[in-house]
Every structure is written in structure tokens, then in C-alpha cells.
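So the chains spell out like this:
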Amino acid sequence: CNSRLQTFEFVPVMDAAAFVRPETVPVALADLLGEAVSRLHEFEPRDLAAFLWALLRLSHSSAASRLDFDAVFVASTQALAQRGLRLPASGLGGRQCAAAHPETAGAFVAQSALSAREWVWVMNTIAPLRVSGEAGAEAPEWILERFVRPWEAWLRSFSDEAADEVAGLSSARAATSADSAAAARWRYEALLQREGIDSLGPRWTPTTLSRVGIDYIGTGEVPEVALQTLREQREQRSDGGRFGRFAWLRAHFSDDTCENGEPTGQEEILDFAWDGEAPLENLDEGVAAMDIAECDASSSVSSRSPLVAVPLAGRSREGHAEFKLLERLVARLVAAEKKGSLVGDVFIYTDRAPCLSCIGALAQLCRRWPGLTAKVSFEKGPTEALHAARPVAQRLREESPTTSMSDSERLEEAMRLALQEYLVDKESFTPISVVASNPRVQLSWASVCATGVRPSGKSVPGKKREWHDKLKYFLSHRPKAFEVDVGPPAKVRLVSPAQAQDSFVGEGRIGLLTELTSAVDSSIIRLLRIGKAFKGCPVGEGFVSIEEVGGDEKVSKLFRKCRLDAGDRLAYFLRHSEDFDVWAPSRCRPTVGGGDGGPSATTSIDAESNAVREDVRTWVRIRLL
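Residues numbered from 1 in each chain as written. Predicted model: local features only at pLDDT ≥ 70, side-chain atom pairs only at ≥ 80, totals over all residues. Heavy atoms only, no water.

Enquirer: Teacher, can you tell me more about the overall build of the chain here?
Expert: In terms of helices and strands, the chain carries 22 helices and 17 strands. Taking as baseline every contact in the chain between residues at least 6 positions apart, the subset at least 24 positions apart corresponds to 74%. As presented, the chain carries roughly 29,100 Å² of accessible surface, and 51% of it is formed by carbon and sulfur atoms. (Helix = DSSP H or I, 4+ residues; strand = E, 2+ residues; numbered from the N terminus. Contact = heavy atoms within 4.5 Å. Areas by Shrake-Rupley, 256 points an atom, 1.4 Å probe, with all protein chains shown as cover.)

Enquirer: Honestly, the pairing of strand S4 (residues 246-255) in this entry has me stumped. Any pointers?
Expert: Side-chain direction in a regular strand flips from residue to residue, so the side chains alternate between the two faces of the sheet. Taken across its ten residues, S4 has eight buried, putting it largely inside the fold. The pairing of S4 with strand S7 (residues 267-274) spans eight bridges and is classified as antiparallel. Bridge pairing links Phe-246 to Trp-274 in S7. (Buried < 20%, exposed > 50% of the residue type's maximum accessible area, 1.4 Å probe, protein only. Pairing = 2+ DSSP bridges.)

Enquirer: Just to check I follow, could you spell out the environment of Met-123 for this structure?
Expert: Along the chain, Met-123 turns up in helix H5 (residues 116-123). Along the primary structure Met-123 and Leu-200 are separated by 77 residues, whereas in three dimensions their C-alpha atoms are 8.9 Å apart. Not counting chain neighbours up to four residues away, the residues in contact with Met-123 comprise Leu-129, Phe-147, Val-148, Trp-151, Arg-203 and Trp-204.

Enquirer: I would appreciate a short explanation of the environment of Ser-408 in the present structure.
Expert: Residue placement: Ser-408 occurs in helix H14 (residues 407-422). For the pair Ser-408 and Cys-449, spaced 41 residues apart in the sequence, the C-alpha separation amounts to 9.5 Å. For Ser-408, the residues in contact, after removing those within four places along its chain, are Val-448, Phe-474, Arg-478, Arg-575, His-576, Ser-577 and Glu-578.

Enquirer: I tried to follow helix H2 (residues 27-38) on my own but got confused; where do I start?
Expert: The end-to-end C-alpha distance of H2 is 17 Å, a good match for the 16 Å that twelve residues give at a rise of 1.5 Å each. For H2, every residue scored as buried is listed here: Leu-29, Leu-32, Leu-33 and Ala-36. The buried residues of H2 all sit within an arc of 100 degrees when viewed along its axis, so they share a single face. Turning to H2, the residues buried within the fold contact helix H1 (10-20), helix H3 (45-59) and helix H4 (69-82). (Expected span 1.5 Å × (residues − 1). Arc of directions from axis to C-beta.)

Enquirer: I tried to follow the packing of helix H7 (residues 178-193) against helix H19 (residues 509-529) on my own but got confused; where do I start?
Expert: The N-to-C vectors of H7 and H19 enclose an angle of 35 degrees; their axes lie 9 Å apart at closest approach. When the axes of H7 and H19 are compared, the crossing they make is left-handed. Of the residues in H19, those in contact with Asp-179, Ala-182, Ala-183 and Trp-186 of H7 are Ser-518, Asp-521, Ser-522, Ile-525, Leu-528 and Arg-529. Split into classes, the residues belonging to the contact of H7 with H19 amount to five nonpolar, two polar and three charged. (Axes fitted to C-alpha atoms, helices over the stretch in contact; angles between N-to-C directions. Left-handed = near helix turned anticlockwise from the far one by under 90°. Nonpolar A, V, L, I, M, F, W, Y, C, P; charged D, E, K, R; others polar.)

Enquirer: Whenever I open this one, the pairing of strand S12 (residues 491-494) confuses me. Can you help?
Expert: Across two bridges, strand S10 (residues 430-431) lies against S12 in antiparallel orientation. Opposite Thr-430, over in S12, you have Val-492 as the bridge partner. Sheet topology places strand S11 (residues 482-485) next to S12; four bridges connect them, and they run antiparallel. Pairing of Val-484 across the sheet is with Val-492, part of S12. In textbook terms, the turn of a hairpin is the stretch between consecutive antiparallel strands, and for S11 and S12 this stretch comprises five residues, one of which, Gly-487, has a positive phi near 75 degrees.

Enquirer: Sorry, what's going on with the pattern of salt bridges here?
Expert: Two side chains carrying opposite charge are able to pair once their charged atoms lie near each other. Under the defined criterion, the tally for this structure stands at 36 salt bridges. When the shortest N-O distance is used, the salt bridge between Lys-532 and Glu-548 registers 3.9 Å. Taken together, the residues Lys-532 in the loop between H19 and strand S13 (544-545) and Glu-548 in helix H20 (residues 546-550) connect sequence positions 16 residues apart. The class of Glu-548 is partly exposed, set by a relative accessible area of 26%. (Salt bridge = Lys/Arg side-chain N within 4 Å of Asp/Glu carboxyl O.)

Enquirer: Quick question: what am I supposed to make of the sheet that holds S11 here?
Expert: Pairing between the strands of a sheet is mediated by backbone hydrogen bonds and can be parallel or antiparallel. Taken together, the three strands give an open sheet; going across it, the order is S10-S12-S11, and neighbouring strands pair in antiparallel fashion. The sheet is open, and its two borders are formed by S10 and S11, each paired with just one other strand. Sitting on the sheet, H14 touches S10, S11 and S12, and the angle it makes with S12 is about 95 degrees.

Enquirer: Honestly, the packing of H1 against H2 in this entry has me stumped. Any pointers?
Expert: In helix packing, the relevant descriptors are the interaxial angle and the interaxial distance, both defined with respect to the helix axes. It is the contact of H1 with H2, at a shortest axis distance of 11 Å, that shows an interaxial angle of 140 degrees. Relative to H2, the element H1 lies oblique. Along this stretch, H1 crosses H2, giving a crossing that reads as left-handed. Note on element contacts: H2 touches H1 through Leu-29, Leu-32, Leu-33, Glu-35 and Ala-36, opposite Phe-10, Val-13, Met-14 and Ala-17. Its residues assigned to classes, the contact of H1 with H2 shows eight nonpolar, no polar and one charged. (Parallel < 35°, antiparallel > 145°, perpendicular 65-115°, else oblique.)

Enquirer: Where do I start with unusual backbone geometry in this structure?
Expert: Of note, the bond from Gly-487 into Pro-488 is cis; its omega dihedral lies within 30 degrees of zero at 10 degrees. Considering the arrangement of structural elements, one finds Pro-488 in the loop between S11 and S12. The step from Pro-488 to Pro-489 runs through a cis peptide bond, and the omega angle for that step is -10 degrees. Among the secondary structure elements, Pro-489 is positioned in the loop between S11 and S12. Even without being a glycine, Ala-313 presents a positive backbone phi close to 55 degrees. The exposure class of Ala-313 is partly exposed, given its relative accessible area of 45%. With phi around 70 degrees, Lys-380 is a residue other than glycine that occupies positive phi space. Within the secondary structure layout, Lys-380 lies in the loop between strand S9 (372-378) and helix H13 (392-398).

As C-alpha cells, this is what we get:
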């Protein structure tokens, strides 16, 4: 009855076969697969993607050697190409990649017929393609152009953004602000959940591990004790049907204090876990005592644990074997580090590619203890090793105060130097127009000014002229360093330490602006929790509209006290502050089928005039690093 099957009906059949993992291939299954191959040209792209993913899982069973799966994957890739399917240059589903990688922000090359999850399935099964560790991808040019290069560009952007959000989690834990910790957790979870995928598959998981600072050692260097433990556990659980996910961990660590040239407090841990085991009941007191910010009710992480597990594809990841092993390891590490900083290595072996949440948890552990080197391998993974592109310890060394200085801090420093050049005496004011002519100030102001990033409406019919940010507003927003005389003409002078201290008292500007910053933080967190975030923002997660922040009663009241004059705007204050990231979409009309002016969500069609009315609101989020 094979010939009577609809093409979409092949998918559940292959899914069932992959679930059962037969020891031998039934004749009917082989005949069914042959029938499917002969009709690949009839498959819809998303049915073909699901069919290929089921075949990949089936190929990992003991019956894999009886069937020529590679030939099926090659024929399926050609069928996809004949249908005109190709990965959009801007990433999965046509979504724009982060601004840090402008090479991926090109125009759409085709309307994607697949979801992000289905693209992951395709990229793990297209053939011929070989991803060989440090050498990269090897495939015919048409496969590289249509699929691999856009995919690798997106994957680099996504992995680097994940590494940054993990760093944000770490920095937020060290901060005193509960709002910063809540924003960091929200952004991290939103990033991993953004594309609706839970895993990058066996072919591409090593690349992501490398980008977040974790070594993939290949399948040839796995300790025999790990393989033996997996075999023994499978035999013991063979009567229970499905085995679940297995993970094995080995950790060596010691504190960095030495006696007679040897490190002290050396420990070795061997541990393993399965999915479905009871969750960890008790952690050491050291873990419970850690400063963990209270998480939102929707978060899947226990308040007792310093690691964040993110629900993916509608499922909690706290019960994954890798995460349970890492929680148990953290308890030991916290107890051991009381004697000093820790150095060592952690190796995890799993029976399948780890999910994004577990990769993120391991990256969090490495960020928390940068002296530990993390290594991973998994069954059916690539044989070649792929070392970390930039280990966490190196990343921390590179984040020096100079490189992490914000644009606002650079402008403040330029203003200080310029005022010292023009200084007559400590009590005199200098016209702001004179200081603004300094080349260093002009260069820095161009990157801080809140207006001018988009065309003004002055020459556009029916448009109001855009409000203009001014240097005097920036100076008034930094009362620790400058005192502004509104004039006319507006003048400025440097603030002495004694004057700055006085401004902290009562209704002083420093105290008011500090209170305003805290109120904005709280407003942003509230908006995130009620679903007001900008979904699909091309520069990252955690942005909310400045208009909605300004609508907060407390924020509005405080800003009216703090502003220099009626022309000052909350958007200017946020742009001038190093505590916030501000982003404004460019005003460009989208092209047919998409465009590079930002996500389609930022535009709408006026039904009466049939004109594009763009959402040109400015967006803000809490800066974490």
C-alpha cells in the first residue's frame, strides 16, 4: 500500500521507526523508504525537512548499516534545490542577524518556506557536506552558497550573542541591583527561546560550543570509563523501554594556593545521570547562600541554583541529565572555592547532542569559574575536535576597562580635557559652544547624540521637525562631572569633588538622577514581564519602548524634576547614560518581499491611504556589561 500514501504520511511512519530504533531493518520499512526516495520531488519542503530529520535519528540506530542513508540525503538535498529553496542571507526565517555581524544583514534572497526548527533539520542532513573541525565546511559550491555560508553567518551571530548574554548573567549576579539581575535572566531566556529551536543537531553543536568558549574533543578521545558506564547503564535499563538522555561527568579541580610547588585541595569527581531521575533535593549551604536574584515566576531555574535552565520547545530543561550533573558539580565547587580560586577541567559526555539550555548552563559555569576548562563530546558527533575559539578566561582578560568604556564615558573624558585646555580659573564657566568646537568632543558627540541617527522630518511634507538633542543636555545629565549654566549663552564648568558630594544630599541632581535610573530600571522590568518587549529586534533582546517607559508615573515625575529645560527629553537622558542601551530603527521603506531596514514588525499599512506608516519609536534596555 506504499504507493497510496500521501507524501506527508511518510513523516509519522519514519518518526515511529526512529522512535523504536529496530535492531534489524524490516523489509516493509526498506520498501517504504525506497518508495519515498522515488517521490522526493512531490514532498513539500517542510514535510521533506521532517522526513530527513526522522531519517537522521533512524540512521543512529544499530540498523543503520543496512541502509544507504547518505544516498537518500544527497537525493533529498537535490530535491530541495530544485524547489528553489535556499537559506535567506539574513538568517533563519529571514530574521536579521545582530548588528555586530553586518555581513549577514543583506536583502532577502527568497521567501523561506521553513521554520527555524525545520532549517536546523535541513542543515544537519543536507549532503554531500562535511564539517571537519578547524577546517570548516567542505561541500560543492552550490551547497555552500545556498545553505552553508548564510547558515554559518547566522550561527556565528547567534553563538556570539549567547556568549554575551551569559556574560551579562555573570555580571548581573555581581551587581547590587535586583532589576539588572532580572533583566539579564529575561534577556538570556528570550535569546535561547527566540528562534523556537531546542538543539542545533549533531553536525553544528560543536561550532556553537567553540564560540561560547567550550572545547569539543571529538568522539575519538572519549575516556573508556565513560563508554563503559553508558553500556552498563543501558543494559540495566533495557527492560524499561526508552532510556532517556544519559550524561557522564569527570571533573578535576584544585584551589590556586600551593604548598611546595604543588596545588592544594585537589579533587576528582566522577558522576553520571539520566533524564527523569528525581531532581536534586539539597544543595550545599554554600550554594544556598549565594546571592541569587529572585527570578520571575515563569523561569524554570531553582532559586537555590546559580545556573539558569531555560524552557525550550515548550519543555523544561531542569531535568536534563547534563544540567543535573552541573548542579551537583556546582555544589562541590562552591564548597571548594572557600579556600581560594579554582583551576582545573570539566568533561561531559552525553549520548546525544546537548540542547541549547545545557550548553548555556555549561557556559555559565565556565564564566563563574574561569579557571576551569570545559570539554564536551557526544555519541554520534563529529570525529574531529574543535577547540574553543576564545576561552572564557581569555575573554575576561580582554574585557579591560579601556575596551569596555561606553561612548558616553568617552565623551565625558573628552569634555574634561577640553575644559582643562580652556580653563581660566576653577570657578569660571566656559561657553559650551566653545568647548563643542574641540575635534575630540565633536567626534565623541556624534556617537552619543540622540538625534540625527534618522532623517529629520523638516523637509518632508506632513512631518514635524524632529526634536534635537544638544550637548548642554548631555552635560546636565552628568552632574558628578559638570555644572551647567543655562545662560544665555549656555556655559559649563567642571565640578569639584566637594560639590559632587553636596549634590548627593536631599534634592541634589546626582541623587535625583540616581533615583530616576532606578525607576527606569524597574519600569523596564515591569514592561518585559507583561510582554511589552520588542520581539525580533535586530540588535538583541530586552528592549522596550521609551514612550512606554516615559508613561510610568514615577519615571515621568522624576524626570520633570531632573530635566534642564522643556526641550530636554527622557530619550536623551537614556542615550547619554552608560546604564542603558538605546536603539532607534532607521526610516527606510521596506522592499518587496522584505528588506534591510529592520524587522517587518516595525511597519504597518494605512488602509485608507495605502501608505507605509513606520514604527519609528526608540527602544531602550538595561545595559549589563
